[in-house]
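# Remarks on the overall topology
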Amino acid sequence: MLQRRTSFLSFALILLLCSGPLQAQKKFMASGHLETLEMVWIEEFDKPWQTMGTIYNRLDFNWYPNQHLTFRLGIRNLLDYGQIVGNINNLAKTIPGQDDYKSFVTLDDGYFDLKKAWASGNSYTLYSNIDRLYGQLTFGNFEASLGRQRINWGINLVWNPNDIFNTFNYFNFDYVERPGCDAVRLQYYTGMTSSVQTAFKVNHENKITVAGMYKFNRWNYDFQLMGGLMNDDYVLGLGWAGQIEKAGFNGEASYFHSKENFSDSTGQLMASIGANYTLRSSWYFQLSVLYNSKGTTGKAGRGNLFAMNLDINPKTITLARYNIFGQVSYPITPLISADLSGIFNPSDKSGFIGPSVEISLKQNLSFLVMAQWFTGKSETEYGDYGKIFYTRLKWSF
Amino acid sequence: MRIKAIFTLLLFIMIGMGFISHAQEPTAKEIVQTATDKLNGKSSRGEMKMTIIRPEWSREISMKVWSLGTEYYMIYITAPARERGQVFLKRHEDMWNYMPNIDRMIKIPPSMMMQSWMGSDFTNNDLVKVSSMVEDYNHSIIGQDSLLEYDCWIIQFDPKPNAAVVWGKIEMWISKEEYYELKAKYYDEDDKLVNKETMSDIEQMGDRRLPSHMEMVPVDEEGHKTVMDFIEMKFNVDLQPEFFSIQNMKRVR
């Protein structure tokens, strides 16, 4: 009895000693934000202006049961309401085959359907989306992760031809976390700044993306080389991030070649290259160029505004031959940052200008005013989107 | 007689020691080296809170830091909520920023190093100390002073030609016995005073006593300052260069 008690005590003591240094590292972490986003869409100034509101809550949970395991869960809860929702629903009633708003926002690209509408009416949809749900196992230099996760292979700050597992739409500025994909990823760190990894993903059409990547650092540059299969195409890519003098210099390129018609088709090269410079006064400048070998030098429109959100993958970042991106940002005070970004298609002369000002109201509360001012002739790349104005109040916790 | 001899001997020893200690008055560079070593240790691990103070408002940023020599730094942001989880890593001349919520790694170019760090009166450079206070400057003792009841040397730092440093000149007050850095004045290339730094609240931190409170005040701007408080600091901890890896950058918390 006594022996059992002492062994229990010593066990408790060992546990206590072991948990000492671990105490600083919490086993469970939760964070997220709650925001309200108001949007006004002006297709043409003398046509009716359309509005939409979104109440959006994001929750992230990290659980670290022991030093080898990590589990992550990310959930988005959104309520979209207003005229734009209603107008899309009215359109769906008249045009056969056209998605209504609910089906549009709850279409999940992943193998598993992790989007669900809780309630919807003609002018609102309340839905949730799990965009992170995965476990990660770490043993020494080896890491494996399984589940819905973000696999980010992009380097360039605007366009990412190497980001073949997930792509993001530049104009969807309010979703910085970006969607996840249903995948397995294995990584092995071969050095302090180098690694090899392979990942396998299945999408909602049961199409497979599988690829490998080698990352290394040399001459103060980060480099990456990749190859694999993305849906119906073989892909080879490379990317880098480094500096010329004091300016940041980065780029990435991917070459796609159809799997089906390998012998009788030409491939597609999608490449972005960028530079950025920060002055001592904190003025920040960025310039990027996107090249698409299969892009058109004619009108590169995709159709309506919502078509832009669908099916964006590294082959369809743009339908044009070239896009040029420029950005200037400046923190007017540490609380107020101003940003002016623009994209220009030199072939069809269409473009976009996005001024924004973000104000930190309190420690965790911020207010954003922003515009997406699209301009160009009809059927050009940016000509049919009109002008969109946003205000956003965001509380992070 | 015997006692007298002992006294004489002791006297000689004392005089001798006085001479020796006088002969060994450290050079300006040695003073700076000792003070820097004391402040950094061979390695360190700790928690800090930075408060940006302006006339109308203030903001707090909390972080965990790890360092090894001057070559390796890692910073993990614990607050504010929006920035939480961001990691900065410095290995030799390379610096990265990792954002876990979007799984994005950004390589920070040199021009960004001069930028104010998260809106404070510190630059990225101040934070990870890319330039070395010991190696990048010539040092000279320009005076003596008494600060917070400590006798101090006043040391002037003049940048070596071609050194990649931000300042035109620095004056620093270092206490003679304890080697505390207690005050510094930062001048631009035109010899104009830009920032005043003061250190106070000496406390036990790990194996040593150090100022735990630091204030950086830009002289041109009324009511502006950035305060750094060391909440916890341990020195000469067991950290290897391997800790400062891209892999670990994604794992620290």
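These numbers were taken from a predicted model, which means no experiment stands behind them.

### Comments concerning the overall build of chain A
Helix and strand content of chain A: three helices and 19 strands. The buried share of chain A, reckoned over its 397 residues, is 45%. Here the analysis covers contacts within chain A between residues at least 6 apart in sequence; of these, 52% occur between residues at least 24 apart. For chain A, the computed accessible surface area is about 19700 Å², with 63% contributed by carbon and sulfur atoms.

### Description of the overall build of chain B
Tallying secondary structure elements over chain B gives four helices and 13 strands in all. The buried share of chain B, taken over its 253 residues, is 53%. A fraction of 45% describes how many contacts in chain B between residues 6 or more apart in sequence connect residues 24 or more apart. A total of about 12500 Å² of accessible surface is found on chain B, and carbon and sulfur atoms cover 53% of it.

### Section: the interface of chain A and chain B
Counting residues at the interface gives 54 residues for chain A, matched by 39 residues for chain B. With both chains or domains summed, chain A and chain B bury close to 4000 Å², and 47% of this area falls on carbon and sulfur atoms. The interface formed by chain A and chain B holds two salt bridges in total. Between R82 of chain B and E358 of chain A there is a salt bridge, and its shortest N-O distance comes to 3.2 Å. Looking at the side of chain A that touches chain B, the element that brings in the most residues is strand β17 (residues 350-362) of chain A, giving four residues. In terms of residue class, the side of chain A that touches chain B is built from 19 nonpolar, 21 polar and 14 charged.

### Details of the packing of aromatic side chains
Applying the stated rule across the entire model yields 32 aromatic pairs over all chains. Considering the side-chain rings of Y111 of chain A and F112 of chain A, the 5.1 Å spacing of their centres and the 90° angle between planes classify their relative orientation as edge-to-face. Cluster of aromatic residues (ring-pair linked, three or more members): F171, F352, F374, Y382 and Y385 of chain A. Taking NZ or CZ as reference, K169 of chain B lies 4.3 Å from the ring centre of Y187 of chain B, over its face.

### What about unusual backbone geometry?
Residue and element names in this part refer to chain B. Residue A79 is joined to P80 through a cis peptide bond whose omega torsion reads 5°. Topologically, P80 is positioned in the loop between β3 (72-79) and β4 (87-91). Non-glycine residue E149 carries a positive phi angle of around 70°. A relative accessible area of 80% places E149 in the exposed class.

### Describing the pairing of strand β9 (residues 169-175) of chain B
Residues and elements named next belong to chain B. Of all seven residues in β9, seven are buried, a share of seventy percent or more. Burial along β9 is two-sided: the residues K169, E171, W173 and S175 and I170, M172 and I174 are all buried. The pairing of strand β8 (residues 150-159) with β9 spans six bridges and is classified as antiparallel. For C152, the partnering residue across the bridge sits in β9 and is S175. As judged from the six bridges shared by β9 and strand β10 (residues 181-187), these two strands associate in the antiparallel manner. Among the inter-strand pairings, W173 is bridged to a residue of β10, identified as K183.

### A word on the pattern of salt bridges
Two side chains bearing opposite charge may form a pair once their charged atoms approach each other closely. Evaluation of the coordinates by the stated rule reveals 22 salt bridges over all chains. Measuring nitrogen to oxygen at the nearest pair gives 4.0 Å for the salt bridge that ties K47 of chain A to E44 of chain A. With relative accessibility at 40%, the residue K47 of chain A sits in the partly exposed group. A relative accessible area of 42% means that E44 of chain A is categorised as partly exposed. In this structure, the salt-bridge partner of D207 of chain B is R208 of chain B, at a minimum N-O distance of 2.9 Å. Through salt bridges that share partners, R58, D60, D131, R132 and E177 of chain A make up one connected network.

### Section: helix α2 (residues 28-40) of chain B
All names here are of chain B. In this model, α2 (13 residues) spans 18 Å end to end at C-alpha, consistent with the 18 Å of a helix rising 1.5 Å per residue. For α2, every residue scored as buried is listed here: A28, I31, V32, A35, T36 and N40. The buried side chains of α2 occupy one side of the element, clustering within an arc of 145° when seen end-on. Looking at the residues trailing α2, positive phi occurs at G41, about 65°.

### Section: the pairing of β4 of chain B
Residues and elements named next belong to chain B. Burial of β4 is extensive: five of the five residues sit out of reach of the surface. The two faces of β4 match: V87, L89 and R91 on one face and F88 and K90 on the other face are all buried. Bridging between β3 and β4 involves five bridges; their strand directions are antiparallel. By the bridge assignment, M74 is partnered in β4 with L89. Relative to strand β5 (residues 94-99), β4 is paired through five bridges, and the arrangement is antiparallel. By the bridge assignment, L89 is partnered in β5 with W96. Between β4 and β5, which pair antiparallel and follow one another directly, the connecting turn spans two residues, one of which, H92, has a positive phi of 50°.

### Focus: the environment of G301 of chain A
All names here are of chain A. Looking at the secondary structure, you find G301 in the loop between β14 (284-292) and β15 (322-333). On the basis of relative accessible area, G301 is assigned to the partly exposed category, the value being 28%. Residues G301 and E379, 78 residues apart in the sequence, show an inter-C-alpha distance of 4.7 Å. Contact partners of G301, with chain neighbours within four places excluded, come to L319, E379, T380 and E381.

### Comments concerning the confidence of the model for chain A
Low-confidence regions, as indicated by low pLDDT, have predicted coordinates that should not be scrutinised in detail. All names here are of chain A. Confidence in the prediction for chain A averages 89 pLDDT; 92% of positions are at 70 or higher. Across chain A, element-level confidence peaks in strand β8 (residues 195-202) with a mean pLDDT of 97 and bottoms out in helix α1 (residues 2-23) with 44. Throughout residues 1-6 the model reports pLDDT below 50, and contacts reaching past four residues in sequence, or to other chains, amount to zero contacts. Low pLDDT, under 50, characterises residues 11-23; the stretch is placed with zero contacts to residues that sit more than four places away or in other chains.

Analysis parameters
- The numbering scheme is per chain: residues are counted from 1 as the chain's sequence reads.
- Throughout, the order in which chains and ligands are written sets their labels, letters from A for the former and numbers from 1 for the latter.
- For a predicted model such as this one, the threshold for reporting local features is a pLDDT of at least 70, and the threshold for listing and counting side-chain atom pairs is 80 or more; totals across whole chains, interfaces and linings nevertheless cover every residue.
- Remark: hydrogens and water are excluded; side-chain values derive from all non-hydrogen atoms of the structure.
- Strands here are runs of E lasting at least two residues and helices are runs of H or I lasting at least four, both read from the DSSP assignment and numbered beginning at the N terminus.
- Burial classification: accessible surface area is computed with a 1.4 Å probe over protein chains only, and a residue below 20% of its type maximum counts as buried, one above 50% as exposed, and the rest as partly exposed.
- Contacts are residue-level and defined by heavy atoms, with any inter-residue pair within 4.5 Å sufficient.
- Computed with the Shrake-Rupley method and a 1.4 Å probe, the accessible areas treat only the protein chains shown as cover for residues.
- Buried surface area refers to the total accessible area, computed with a probe of radius 1.4 Å, that the two partners give up upon joining, counted for both partners together.
- Salt-bridge detection follows one rule: a side-chain nitrogen of Lys or Arg within 4 Å of a carboxyl oxygen of Asp or Glu.
- In this classification, the charged set is Asp, Glu, Lys and Arg, the nonpolar set is Ala, Val, Leu, Ile, Met, Phe, Trp, Tyr, Cys and Pro, and all remaining amino acids, among them Gly, are polar.
- Any two rings among Phe, Tyr and Trp, with Trp reduced to its six-membered ring, count as a pair given centres within 6.5 Å; such a pair is stacked if its planes are under 30 degrees apart, edge-to-face if over 60, and tilted if neither.
- Throughout this description, the term charge over a ring refers to an Arg CZ or Lys NZ atom that lies within 6 Å of the ring centre and within 35 degrees of the ring normal.
- One requirement defines pairing of two strands: DSSP has to find at least two bridges between them.
- A helix is expected to reach a length of 1.5 Å times the quantity of its residues less one.
- Relevant arc is that of directions from the helix axis to the C-beta atoms, nothing else.
- Note: pLDDT gives the predictor's confidence per residue, expressed from 0 to 100.

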